[in-house]
Amino acid sequence: MRITLNGAPRDLACHPAARLLDVLRQECGLTGTKEGCGEGECGACTVLVDGAAVCSCLVPMAQVRGASITTIEGLGDDHPLARAFMDEVGAQCGICTPGMIMTAVTLGPRPSLPRIRTALAGNLCRCTGYEAIYRAIRKP
Amino acid sequence: MAVPESPTPNSHSPAVGRSVSRKDGLGKATGAARYADDLTFPGMLHGRTIRSTIACGTISGIRRDFDPGGFTVVDWRDIPGRNVVALLTEDQPCLVEREVRHQAEPVLLLAHESREALLGAAVHIDYLPGTPLFDPEQSPRSFKDILIEKGSVEAGFSKAHLVVEGTYRTGHQEHVYIEPNGVIAVPEDGGIAVHGSIQCPYYVHKALVTLLGDAVTQVRVVQTETGGGFGGKEEYPSMLAGHAALLALKARRPVKIVYDRVEDMAATTKRHPAIVRHRTAVDRDGRLLAMEIEVILDAGAYATLSPVVLSRGAIHAAGPYRCPNTRISARAMFTNTPPNGAFRGFGAPQTEFAVEVHMDRIAEALDLDPARLRDRNALRPGDSTATGQVLGQDCSARQVLRTALRKSGYRRKRKAFAGTGRGIGLSLYYHGSGFTGSGELKLGSRAAVELTATGVRILASSTEIGQGTRTMHAQIVADALGIPYEQVEVAQPDTGVVPDSGPTVASRTCMVVGGILERAARELRERLGNLPPEEYFRRHGPVRVTGEYEQPGWIRWDEVAYRGDAYATYGWGCDVAEVELDRDTWEVRPRRLTVVADVGKAIHPALSIGQIEGGTAQGVGYALLEQVTMRDGVMANAQLTNYLIPTTLDMPAVDVVLLENPYPGGPSGAKGLGELPMDGPAPALVNALRHLGLDLRSIPALPEAIMEAACGSP
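Quantities reported herein were computed from a predicted structural model and do not represent experimental measurements.

Student: When you look at the overall build of chain B in this model, what are you seeing that I'm missing?
Tutor: A tally of helices and strands in chain B yields 19 helices and 28 strands. Computed over the C-alpha atoms, the radius of gyration of chain B is 26 Å, within 12% of the 27 Å expected from 2.2 N^0.38 for a compact globule of 714 residues. Counting the 714 residues in chain B, one finds 60% classified as buried. Contacts in chain B between residues far apart in sequence, at least 24 positions, make up 82% of those at least 6 positions apart.

Student: Can you help me understand the interface of chain B and chain A in this one?
Tutor: Each side of the interface is counted separately: chain B has 43 residues, and chain A has 38 residues. At seven residues, the largest contribution of residues to the side of chain B that touches chain A is made by helix α16 (residues 605-624) of chain B. In the side of chain B that touches chain A, the residues fall into 18 nonpolar, 16 polar and nine charged.

Student: Would you take a moment to explain the packing of helix α8 (residues 348-366) of chain B against helix α18 (residues 681-691) of chain B for this structure?
Tutor: When two helices pack together, their arrangement is given by the angle between their axes and by how far apart the axes lie. Residues and elements named next belong to chain B. Orientation of α8 relative to α18, taken along the N-to-C sense of each, is 25°, at an axis distance of 8 Å. Here α8 is positioned roughly parallel relative to α18, judged by the angle of their axes. Of the two elements, α8 crosses α18, and the hand of that crossing is right-handed. Contact with α8, carried on its side by Pro349, Glu352, Phe353, Glu356, Val357 and Asp360, involves Ala682, Pro683, Val686, Asn687 and Arg690 of α18 and no other residues of that element. Looking at the contact of α8 with α18 residue by residue, the class counts come to six nonpolar, one polar and four charged.

Student: It is not clear to me how the sheet that holds strand β5 (residues 68-70) of chain A should be interpreted in this structure. Could you clarify?
Tutor: Sheet strands pair by backbone hydrogen bonding; their relative direction is either parallel or antiparallel. Residues and elements named next belong to chain A. What the five strands build is an open sheet, ordered β2-β1-β5-β3-β4; its pairing is mixed. Two strands close off the open sheet at either side, each with one partner strand: β2 (8-11) and β4 (52-55). Put simply, the sheet's adjacent strands are angled 40° from each other on average, direction ignored. In this sheet, β5 lies alongside strand β1 (residues 2-5) in parallel orientation, the contact comprising two bridges. Note on β5: the bridge partner recorded for Leu5 is Ile69.

Student: Explain the sheet that holds strand β20 (residues 544-548) of chain B to me, please; I cannot follow it from the model alone.
Tutor: All names here are of chain B. Ordered by their spatial adjacency, four strands build an open sheet running β19-β18-β17-β20, and the pairing between neighbours is mixed. Strands with a single pairing partner mark the edges of an open sheet, and in this sheet they are β19 (488-490) and β20. For this sheet, the mean angle separating the axes of adjacent strands, direction not counted, is 20°. In this sheet, β20 lies alongside strand β17 (residues 446-451) in antiparallel orientation, the contact comprising five bridges. In the strand pairing of β20, Ala447 is matched with Gly547.

Student: Explanation requested: the packing of helix α4 (residues 201-212) of chain B against helix α5 (residues 236-251) of chain B in the structure shown.
Tutor: All names here are of chain B. Between α4 and α5, whose axes approach to 9 Å, the crossing angle comes to 45°. Taken as axis vectors, α4 and α5 run oblique relative to one another. The interaxial crossing formed by α4 with α5 has right-handed handedness. Residue-level contacts link Tyr203, Val204, Ala207, Leu208, Leu211 and Leu212 of α4 to Pro237, Ser238, Ala241, Gly242 and Ala245 of α5. Looking at the contact of α4 with α5 residue by residue, the class counts come to nine nonpolar, two polar and no charged.

Student: Can you help me understand the pairing of β1 of chain A in this one?
Tutor: Sheet faces and side chains relate simply in a regular strand, where the side chains alternate between the two faces. All names here are of chain A. Here β1 shows a buried face lined by Ile3 and Leu5 and an unburied face lined by Arg2 and Thr4. Strand direction decides the pairing type here: β1 and β2, joined by four bridges, are antiparallel. Looking at the pairing, Arg2 lines up with Asp11 of β2. Adjacent in sequence and paired antiparallel, β1 and β2 are bridged by two residues, among which Asn6 carries a positive phi angle near 50°.

Student: What should I look at first to understand unusual backbone geometry in this one?
Tutor: A negative phi angle characterises most non-glycine residues, just as the trans form characterises most peptide bonds. Residue and element names in this part refer to chain B. Residue Pro700 is bonded to the preceding Ile699 through a cis peptide linkage, with omega at 5°. Examined against the element boundaries, Pro700 turns out to sit in the loop between β28 (698-699) and α19 (703-711). At Phe346, a position not held by glycine, the phi torsion is positive, near 55°. A tally of 29 C-beta atoms within 10 Å means that Phe346 is categorised as buried. The residue Ala506 is not glycine, and still its phi comes out positive at about 60°. Inspection of the secondary structure puts Ala506 in the loop between β19 and α14 (509-528).

Student: Honestly, the confidence of the model for chain B in this entry has me stumped. Any pointers?
Tutor: Should pLDDT be low for a region, the predicted coordinates there are not to be read in detail. Overall, the predicted model of chain B reaches an average pLDDT of 96, with 98% of residues at or above 70. Segment residues 1-11 of chain B: pLDDT under 50, and 21 contacts once partners within four positions in sequence are set aside and those in other chains are kept.

Student: Would you take a moment to explain the environment of Gly382 of chain B for this structure?
Tutor: Residues and elements named next belong to chain B. Position of Gly382 among the secondary structure elements: in the loop between α9 (370-377) and α10 (397-408). Residue class for Gly382 comes out exposed when judged on the 11 C-beta atoms lying within 10 Å of it. Sequence spacing of Gly382 and Gln393 is eleven residues, and the spatial spacing of their C-alpha atoms is 7.9 Å.

Student: I tried to follow α14 of chain B on my own but got confused; where do I start?
Tutor: Because the α-helix completes a turn every 3.6 residues, residues three or four places apart line up on one side. The end-to-end C-alpha distance of α14 of chain B is 26 Å, a good match for the 28 Å that 20 residues give at a rise of 1.5 Å each. A positive backbone phi angle near 65° is found at Gly529 of chain B, which sits one or two residues after α14 of chain B.

Student: Explain the environment of Val545 of chain B to me, please; I cannot follow it from the model alone.
Tutor: Residues and elements named next belong to chain B. Looking at where Val545 falls in the secondary structure, it is placed in strand β20. Sequence separation of Val545 and Arg527 is 18 residues, and the distance between their C-alpha atoms is 9.6 Å. Excluding its chain neighbours within four sequence positions, the residues that come into contact with Val545 are Ala448, Val449, Ala520, Glu523 and Leu524.

Student: It is not clear to me how helix α5 (residues 131-138) of chain A should be interpreted in this structure. Could you clarify?
Tutor: Counted residue by residue, α5 of chain A has seven buried out of eight residues, so it is predominantly covered. Turning to α5 of chain A, its buried residues number three or more, namely Glu131, Ala132, Ile133, Tyr134, Arg135, Ala136 and Ile137 of chain A. Residues of α5 of chain A that are buried make contact with α2 (80-87), α3 (97-104) and α4 (113-119) of chain A together with α16 and β27 (653-659) of chain B.

Student: Help me understand the nonpolar core, please; the structure alone is not making it clear to me.
Tutor: Residue and element names in this part refer to chain B. The biggest cluster of nonpolar side chains holds 267 residues, and the ones touching the most others in it are Ala185, Ala244 and Val477. Per element, the largest residue contribution to this core is eleven residues, and it comes from α5. What Ala185 contacts, discounting residues up to four positions off in sequence, is Ile192, Val194, Ala241, Ala244, Ala245, Leu247, Ala248, Pro254 and Val255.

The rules behind these values
Residues numbered from 1 in each chain as written. Chains lettered and ligands numbered in written order. Predicted model: local features only at pLDDT ≥ 70, side-chain atom pairs only at ≥ 80, totals over all residues. Helix = DSSP H or I, 4+ residues; strand = E, 2+ residues; numbered from the N terminus. Rg over C-alpha atoms; globule rule 2.2 N^0.38 Å. Buried ≥ 20, exposed ≤ 12 C-beta atoms within 10 Å, placed from the backbone. Contact = placed C-beta atoms within 7 Å. Nonpolar A, V, L, I, M, F, W, Y, C, P; charged D, E, K, R; others polar. Axes fitted to C-alpha atoms, helices over the stretch in contact; angles between N-to-C directions. Parallel < 35°, antiparallel > 145°, perpendicular 65-115°, else oblique. Left-handed = near helix turned anticlockwise from the far one by under 90°. Pairing = 2+ DSSP bridges. pLDDT = per-residue confidence, 0-100. Expected span 1.5 Å × (residues − 1). Core = buried A, V, L, I, M, F, W, Y, C linked by C-beta atoms within 7 Å.

As structure tokens, this is what we get:
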């Protein structure tokens, strides 16, 4: 099966029902995507599939054939959101951070607070109470 | 609130008091940080735990319905040392031998190369079931009894203008660190190394040495990046590490065990449910004359940390108030449920919930404003607590109260909200910093600083679990040495490398371990003379200075009589909660929380505010959302689909105000901070509901409970 992974074509030999999350972490070695609950509630495994933020623990590989997938590693080491999360202490334990950032990238520049809160409602954070995450995403 | 600006760092500006860049910020924001499940080792197997499915009874047989090829199987007979999880009381087996005391108790361990084969293996356990005990009030067995007495409550009650009584209940709470428990045990050099998501590496080390006995020549415990702890990775990792180590020793290969969410929630520790009874005498003006308090904790089936959780709960049970006559009796009771354990606040959120809701009921009975009642009774410097500890100038109860009233506009809103769908309530609270009484002396913690080719490295077993340990320790050491923050690195906690700095618990990592590091760094500075560390290293080679805990000379504590200086200092907090109630669905929407916290000194203002915002969110969940439903002695809603923690849409705006009334014994005046914000939100929210006319005395205050309080049972 061929997908585009972080901008490059990638051929994978995997079971069609394998979870995208497991394929990314185990086959592709992209461990920045995390598993928190395995049932689409916590959002720690959020990646972009053709630009949309999805929980990769809920996606079987058969559904992403030919799709373009972006993980936290695909944003590189100097993404403005990563920098803003650093500067505003948007990451405490950091386990939810990749998923938070992958959801946040879909919001575009300078989103309003209500829009951020709605978009991130599927990304759980147990450390920050979310305030520092809002500060990071709203940072110009 | 806005995070204070970080000025551009230079070699001369002090790091303490500035929001410097987190040491671990980049790795966490780019996904490069490596957590336990991100690690693999050559030849690694996966491990699985087979658990009991009854709450009480004995095992009569175990049948394995799978092809044993490729499997490593471990039961209690494979334990080379002693079959206990060594902590306070050695009552809990690492693997069940015969007697089952709770559901989800570990019985058998399996390992296999393939996760699929592992999950497919069927094991049947036959039991002779017993009669389980689930009600702590009916339990004949207590793990610990505590009595704290001051003055004469009888004398106090004889002078009462009014006596107010009440019973308050709090439920279990699950930690929901977003990274479940996980470890990897790796055989090495005649011994074993365990890498994992761990709060207290030396607790795990002690447990492994006891469990493995002479079968290993050395044990090493290494903390990987840890995705949240909150107390939930204080004791259970000792059990989990033992399991992985037993499998790895038998298989002679590395073994990884990572729990899924369901197993983590069903099997590991939670916050103790509590029942707290108050009987209080007050005079005409609302001054407290006598407080009689009974605390019952549901400990579960083994002692774990329950005796010390009970201790902290009991000491905080009378709240931050002056009362000449106090009697607090507290017990932690056995039940046939998975053991409860450490969770941020450690017994205090339960008892402070009770006393703070009770204070509002006293105010109501006297027709007095709750804020006025608190102001009248709040502890002042020179007053004594329930244990007889005389407080110094670092007592800030009235400052936090008055600041919170002003900042939130409490008085104006209290009037304006009357008769609307909105309510406003408050809580006043405190939290002892560090281990209780002589606990720190017994720990005898050590931490070190050493020279490197580029600067200085910190060696401490304090773990970074999100709260900012690495960053805050590096700030303290940088300033004590007079070098830039960037020149200080922090060693990964590895018991083969770092000394035992005590556990990362009890709001002690900054105040206590930070204090040890500050002294060690000052001593190192003396040694360096005028040379920069890297230059001294180049000329003279390695130098290491190890600091040890020194107890302040004034601390007196009698742990039998429970009298004296329970804590070196306290953090103080006041929360004002504003809520809106939907009188059709009975849902509560918190609108704003104002949190004023005296932390002594904010070493890193943004991290300090982050601790308060995060702890407040856990408190909001505790108050309004988080219900553990127990069925046959095990959590029936062990998934994030029906155990709900606050999302972005559940959290109100949180206004944080930091006060800095220093504790002279802490680094730059810092007090404990991490647990403090857990104590306040639940009573403040329930008191805001009381302002709406709802008499609630237990949490979580789910819509069903609020509806019942308003409309009676259907």
